[in-house]
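# Fold and geometry: a report
Chain by chain, the residues:
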There are 2 protein chains.
Amino acid sequence: MTAQIIDGTAIALKVRNEVKEKVAARIAAGKSQPALATVLVGERVDSVAYVSMKQKACAELGMTSYHKPVPADISQEDLENLIKELNADPKVNGILVQLPLPSHLDEERVLQLINIEKDVDGFSPINLGRLAQKGREPLFVPCTPYGCIYLLKEAGVTIKGANAVVLGRSNIVGMPAALLLVKEDATVTIVHSRTKDIPAVLKNADIIIAAIGRAQMVRGDWIKPGAAVIDVGINGIPVLDDKGNPVLSEKTGKPKQKLVGDVNYDEAKEVAGFITPVPGGVGPMTIAMLMVNTLRAAEIQDQ
Amino acid sequence: MTAQIIDGTAIALKVRNEVKEKVAARIAAGKSQPALATVLVGERVDSVAYVSMKQKACAELGMTSYHKPVPADISQEDLENLIKELNADPKVNGILVQLPLPSHLDEERVLQLINIEKDVDGFSPINLGRLAQKGREPLFVPCTPYGCIYLLKEAGVTIKGANAVVLGRSNIVGMPAALLLVKEDATVTIVHSRTKDIPAVLKNADIIIAAIGRAQMVRGDWIKPGAAVIDVGINGIPVLDDKGNPVLSEKTGKPKQKLVGDVNYDEAKEVAGFITPVPGGVGPMTIAMLMVNTLRAAEIQDQ
């Protein structure tokens, strides 16, 4: 048996095209152009790259982005004042604070300050609290878990009544993914570094969301035949030659790296029913769902 | 094997005595007497009884309570104004809105309005959102799940690394209990009415928290030998005679009722390692933990 590959790149493109059409339609109807403010504290290489991808996505989909780079040593007060300005600015529909923040800043206070109608990352405690509650709906669902569920649905995987296991309990992926799956009527198990026998727990899973940040940890024989495997991990590992020695880059002379997920893909795809590759699986969905949320923010604020 | 009975009545009394001593000490030190405001909308018999027990507990522990009964047809605006008054009143440390509210009222808006420093029930979305997040602590944990965890710890049950199953996903018990167990490093599975094979899931559980509201649903042979069973259920069932006919009350002529949990106690106590009875298990803990939270509210507001 070979798994059906869930093509995140293609599905993300479809989502982006839908957003693009809706944006064009709302502008044609005389409504405002949705706008995302991106707050970047400092110059972490990965954060700079992510923010730049988000701004580029906005431009491609016909939305505006306002870039707000601030120095790494900004004070809590100045950062809070920036958030308050963006909250008050009617031109700004969504506010994205690129995480992580430098350690001298109180991340929770910053996230809590974002007006929940502009909280397109879905990280404010109010949005998360609603995600944890029956009969209440968050205004925004965090982008990566939202993308995971979207991929499952696009692939035609039945979530209701399924045994779902979430590997990892991070604020950004694992925990909100678990809460979303409960809302979708799955029986959900949250597994983490303190879990005693992870293979035994996974063996009963119809759906696995792996977001634990350990390269190729989930082996093929841990997976129930036919299960749907969503791999959120992005880990760099050295490229090895036939003899198992690291291959060096011709340019830099350093060991070459390749990106792998939390799942051993080559083994898993022979057992699973559905699987996302890394790269090209969950990765592209995060920005696509951020675009969905930014459009939604504009729609909420129309009212 | 016969389970160790976890005596909730005795443990609750111990907790209440500790609170009583701390209240006396803080008053002796010239600090304020902790005060709980109880908001009762309408006259539901069960709600009236619960509120009265809470007021009585305050009095016994040396704390004040302010009772705020309002008519069942109060408007959303008037109820919100009452909450705002209580938020602003420095004499009030904790605000308890007895649930459920009549259906014309927006429960979420009311709970969200309670100042989180006075949210002694722990039901505001901010407190719940913090409970769902790593590295963040709610100011208050909802009383019943808090009591469940307290009972496990008092009985000496190891939570870290244990397989815990929570039956039920209510906002008041199931979901916050699951989030608390994740914070305590258990591997947590959330089971509910849509779960396909509940006995199979329970069979691996070292800890079971049953809060699904179905009389005696959990059978003895569903339980792993030695597991700790916390039974949150309180269900009325008819008392039967030897022939299986309902026994009628001599006073009222109606069928006599008795209270049972979500677990078949007689069967379960032969298999489990630890078990809470119903009544006398979790029940008394809810009010005890409310008293802990009210004292804590006063301490937070001292600062």
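Quick look at the overall build of chain A now. Per the secondary structure count, chain A includes 10 helices and 11 strands. Taken against the 2.2 N^0.38 rule, which gives 19 Å for 303 residues, the C-alpha radius of gyration of chain A at 20 Å falls within 12% of a compact globule. In terms of overall dimensions, chain A has C-alpha extents of about 55 × 50 × 40 Å along its principal axes. Counting the 303 residues in chain A, one finds 55% classified as buried. In chain A, once contacts between residues fewer than 6 apart in sequence are set aside, the share between residues at least 24 apart is 70%. A total accessible area of about 13,200 Å² is found for chain A, and carbon and sulfur atoms account for 52% of it.

This part is about the packing of aromatic side chains. Applying the stated rule across the entire model yields zero aromatic pairs over all chains. For R296 of chain A, the ring lying beneath its charged end belongs to F140 of chain A, and the centroid distance is 5.9 Å.

Our focus in this paragraph is the confidence of the model for chain A. Mean pLDDT over chain A: 96, with 100% of residues reaching 70 or higher. Predicted as a complex, the structure gets a pTM of 0.94 and an ipTM equal to 0.92.

Right, let's talk about the domain arrangement of chain A for a bit. In terms of domains, chain A is made up of domain 1 (30–116) and domain 2 (143–282). Taking only C-alpha atoms into account, the centre of domain 1 of chain A sits 29 Å from that of domain 2 of chain A.

With that settled, the discussion passes to the side chain of T195 of chain B. Position of T195 of chain B relative to the elements: it lies in the loop between β6 (187–191) and α8 (198–202). Polar side-chain contacts of T195 of chain B include one of 2.6 Å to the side chain of T187 of chain A. Leave out the neighbours within four places in its chain, and T195 of chain B touches T187 of chain A together with V201 of chain B.

Looking at where E108 of chain B falls in the secondary structure, it is placed in helix α4 (residues 107–113). Other than its neighbours up to four places away in sequence, E108 of chain B contacts R130 and R136 of chain A together with P125 of chain B.

This next bit is on the sheet that holds strand β2 (residues 35–41) of chain A. All names here are of chain A. Judged by pairing direction, the sheet is parallel, and its three strands sit side by side in the order β3-β2-β4 without closing on themselves. With partners counted over all chains shown, the strands left at the sheet margins are β3 (64–70) and β4 (94–97), one partner each. Direction aside, neighbouring strands of the sheet carry axes that sit 15° apart on average. As paired strands, β2 and β4 are joined by four bridges and run parallel to one another. Within the sheet, the bridge partner assigned to V39 lies in β4 and is V97.

Another aspect to go through is the pattern of salt bridges. Taken as a whole and judged by the stated rule, the model has 30 salt bridges over all chains. Between R169 of chain A and D185 of chain B there is a salt bridge; the shortest N-O distance is 2.7 Å. Note that R169 of chain A is positioned in the loop between β5 (163–167) and α7 (174–183) and D185 of chain B in the loop between α7 (174–183) and β6, a pairing that runs across two chains. Exposure class is identical for R169 of chain A and D185 of chain B. Each is buried. Connected via shared salt-bridge partners are R16, K56 and E60 of chain A.

In this section: the interface of chain A and chain B. The figure often quoted for interface size is the accessible area lost as the parts come together. Between chain A and chain B, the contact holds 33 residues from the first and 33 residues from the second. Of the roughly 3,300 Å² buried where chain A meets chain B, counting both sides, 52% is carbon and sulfur surface. Across the pair R136 of chain A and E107 of chain B runs a salt bridge, and its minimum N-O distance is 2.8 Å. Taken together, chain A and chain B are joined by 17 residue pairs in polar contact (both at pLDDT 80 or more).

Residues and elements named next belong to chain B. Overall, parallel pairing links the three strands, which are arranged β3-β2-β4 in an open sheet. Lying at the two open borders of the sheet, with one neighbouring strand each, are β3 (64–70) and β4 (94–97). Along the sheet, successive strands turn relative to each other by an average axial angle of 15°, direction set aside. The strands touched by helix α2 (residues 45–60) are β2 (35–41), β3 and β4; relative to β2, the strand with the most contacts, the crossing angle is about 170°.

Turning next to the relation of the copies chain A and chain B. Aligned on chain B, chain A shows an RMSD of 0.1 Å; the corresponding rotation is 180° and the shift along the axis is 0.0 Å. Overall, the copies show the geometry of a two-fold rotation axis. Residue by residue, 100% of the interface of chain A is reproduced at the interface of chain B, so both copies engage with the same surface.

Here the focus is the pairing of strand β8 (residues 228–231) of chain B. Residues and elements named next belong to chain B. Residues of β8 alternate between two faces, with A228 and I230 on one and V229 and D231 on the opposite face, all of them buried. Bridge count between strand β7 (residues 207–210) and β8: four bridges; the pairing is parallel. Each bridged residue has a counterpart across the sheet, and for I209 the counterpart in β8 is I230. Bridge analysis of β8 against strand β11 (residues 274–275) gives two bridges, and the strand direction is parallel. Considered in β11, the bridge of V229 is made with I275.

Right, let's get into helix α6 (residues 143–154) of chain B. All names here are of chain B. With 12 residues, α6 should cover 16 Å at 1.5 Å per step; its first-to-last C-alpha distance of 16 Å lies within 8% of that length. Taken as a whole, α6 has its buried residues at C143, T144, P145, G147, C148, I149, L151 and L152. Buried residues in α6 make contact with α1 (8–28), α7, β7, β8 and α10 (283–302). Positive backbone phi, at 80°, marks G156, one or two positions downstream of α6.

For the rest of this paragraph, the subject is the pairing of β5 of chain A. Residues and elements named next belong to chain A. β5 sits mainly inside the fold: four of its five residues count as buried. Across five bridges, the pairing between β5 and strand β6 (residues 187–191) is parallel. Bridge pairing in β6 places A164 opposite V188.

Rules used in this analysis
- Residues numbered from 1 in each chain as written.
- Chains lettered and ligands numbered in written order.
- Predicted model: local features only at pLDDT ≥ 70, side-chain atom pairs only at ≥ 80, totals over all residues.
- Heavy atoms only, no water.
- Helix = DSSP H or I, 4+ residues; strand = E, 2+ residues; numbered from the N terminus.
- Rg over C-alpha atoms; globule rule 2.2 N^0.38 Å.
- Buried < 20%, exposed > 50% of the residue type's maximum accessible area, 1.4 Å probe, protein only.
- Contact = heavy atoms within 4.5 Å.
- Areas by Shrake-Rupley, 256 points an atom, 1.4 Å probe, with all protein chains shown as cover.
- Phe/Tyr/Trp six-rings, centres within 6.5 Å; stacked < 30°, edge-to-face > 60°.
- Lys NZ or Arg CZ within 6 Å of the ring centre and 35° of its normal.
- pLDDT = per-residue confidence, 0-100.
- Domains from an automatic or database assignment.
- Polar contact = N/O pair within 3.5 Å; in protein donor to acceptor, adjacent residues only side chain to side chain.
- Pairing = 2+ DSSP bridges.
- Axes fitted to C-alpha atoms, helices over the stretch in contact; angles between N-to-C directions.
- Salt bridge = Lys/Arg side-chain N within 4 Å of Asp/Glu carboxyl O.
- Buried area = accessible area lost by both parts, 1.4 Å probe.
- Least-squares fit on C-alpha atoms with pLDDT ≥ 70 in both.
- Expected span 1.5 Å × (residues − 1).

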